[in-house]
Amino acid sequence: MADKIFIKEFKTDYGELLLGDYNEQLCLCDWKYRRMRTAIDSRIQEGLQSEYVVETTAFHEEVTNQLEAYFEGKLKTFDLPLKAVGSAFQQSVWEALQQIPFGSRETYLGLSRKLGNEKAIRAVASANGANAISILVPCHRVVGSNGELTGYAGGLSAKRKLLKMEEKVVGVGQLDIFEK
């Protein structure tokens, strides 16, 4: 493997993230202690024909600056080049996730419909779970059809906190339904 993916750990109030810099593109912004950690890391390294090297880069600093601004409610849209690694279908789901505005929510069924196949709901949910660029590709904004919080790589507590932070910033009072 010729190229390198520079990895940096980033601790937040929401959990610990791993950030991956591949040629100044963000290929990883994922929860350090998630299930599927090994599978996600293998997919990225194999897909980019690169290996992880623990080293902080100037690009990591830009990523952490934008993430901190987001967590403070000062940034709603990220301006970073992304390098998502996955199948064509996964890529289409991740692109659709990026269309969900800050402070908004979508259901798995709604996302499936937007992709043109409501019967693909399980595949959409699976692609959502395989997302390795959390927060910037906002899979936390997807909820169950009944409005309940469903699985999240960072845990339901992190998902709840992210949704509440966004709710507070946009001034929407819809999240009480999640307080079950």
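Draft legend 1. Spotlight on the pairing of strand β1 (residues 3-12). In terms of strand pairing, β1 meets strand β4 (residues 50-54) through 5 bridges, oriented parallel. Within β4, the residue paired with Ile 7 across the bridge is Val 54. As paired elements, β1 and strand β2 (residues 15-21) share 7 bridges and run antiparallel to each other. Bridge pairing in β2 places Lys 11 opposite Glu 16. Between the end of β1 and the start of β2, which pair antiparallel, lie 2 residues.

Draft legend 2. Inspection of the pattern of salt bridges at higher detail. Under the counting rule described, the total for this entry stands at 10 salt bridges. In this structure, the salt-bridge partner of Glu 16 is Lys 32, at a minimum N-O distance of 3.5 Å. With a gap of 16 residues between them, Glu 16 in strand β2 and Lys 32 in the loop between β3 (26-31) and α1 (37-47) connect regions that are remote in the sequence. Two residues, Glu 72 and Lys 74, come together in a salt bridge whose shortest N-O distance is 3.2 Å. The same class applies to Glu 72 as to Lys 74, namely exposed. One connected set of salt bridges, linked through shared partners, spans Asp 30, Arg 34, Arg 37 and Asp 41.

Draft legend 3. Fine view of the environment of Asp 21. Relative to the helices and strands, Asp 21 is located in strand β2. A sequence separation of 42 residues divides Asp 21 from Val 63, and the C-alpha atoms of the two residues are 9.3 Å apart. Dropping the residues within four chain positions of it, Asp 21 is found in contact with Lys 4, Ile 5, Phe 6, Thr 57, Phe 59 and His 60. For Asp 21, the side chain forms a polar contact with the side chain of Thr 57, separated by 2.7 Å.

Draft legend 4. A look at the packing of aromatic side chains. Tallied over the full model, the rule gives 5 aromatic pairs. Measuring from ring centre to ring centre gives 5.9 Å for Trp 31 and Tyr 152, while their planes differ by 70°; the resulting arrangement is edge-to-face. Taken together, the residues span a long stretch of sequence, with Trp 31 in strand β3 and Tyr 152 in the loop between β6 (142-143) and α6 (156-170) at a distance of 121 residues. Relative to Phe 78, the ring of Tyr 70 lies with its centre 5.4 Å away and its plane at 40°, an arrangement referred to as tilted.

Draft legend 5. Focus on the layout of surface pockets. Estimates place the volume of the largest pocket at around 300 Å³. Taken together, 14 residues make up the lining of the largest pocket; nearest its centre are Arg 34, Gly 129, Gly 151, Tyr 152 and Ala 153. The element that contributes the greatest number of residues to the lining of the largest pocket is helix α5 (residues 121-129), accounting for 3 residues. Roughly 220 Å³ of internal volume is contained in the second largest pocket.

Draft legend 6. Seen up close, the sheet that holds β4. Strand order in this open sheet of 4 strands is β3-β2-β1-β4, and the pairing throughout is mixed. Of all strands in the sheet, those with a lone pairing partner are β3 and β4, marking the two edges. Neighbouring strand axes in the sheet, compared pairwise and without regard to direction, differ in orientation by 25° on average. Of the strand pairs in this sheet, β2 and β3 are connected by 5 bridges, and their pairing is antiparallel. Considered in β3, the bridge of Leu 19 is made with Cys 29.

Draft legend 7. Spatial organisation of the nonpolar core. In this structure, Leu 17, Leu 67, Tyr 70, Phe 71, Leu 97 and Ile 135 are the most contacted members of the largest nonpolar core, which totals 37 residues. Contributions of two or more residues to this core are made by β2, β3, α2 (58-71), α3 (88-97), α4 (108-114), α5 and α6. The element that contributes the greatest number of residues to this core is α2, accounting for 5 residues. Residues Ile 7, Tyr 22, Leu 28 and Ile 40 belong to the second largest nonpolar core, which totals 11 residues.

What counts, and where the lines are drawn
Residues numbered from 1 in each chain as written. Predicted model: local features only at pLDDT ≥ 70, side-chain atom pairs only at ≥ 80, totals over all residues. Heavy atoms only, no water. Pairing = 2+ DSSP bridges. Helix = DSSP H or I, 4+ residues; strand = E, 2+ residues; numbered from the N terminus. Salt bridge = Lys/Arg side-chain N within 4 Å of Asp/Glu carboxyl O. Buried < 20%, exposed > 50% of the residue type's maximum accessible area, 1.4 Å probe, protein only. Contact = heavy atoms within 4.5 Å. Polar contact = N/O pair within 3.5 Å; in protein donor to acceptor, adjacent residues only side chain to side chain. Phe/Tyr/Trp six-rings, centres within 6.5 Å; stacked < 30°, edge-to-face > 60°. 1 Å grid on protein atoms, 1.4 Å probe; cavity = no way out; pocket = protein on both sides within 12 Å on 5 of 7 lines; lining within 4 Å. Points joined across faces, edges and corners; volume = space filled by probe spheres on them. Axes fitted to C-alpha atoms, helices over the stretch in contact; angles between N-to-C directions. Core = buried A, V, L, I, M, F, W, Y, C linked by side-chain atoms within 4.5 Å.

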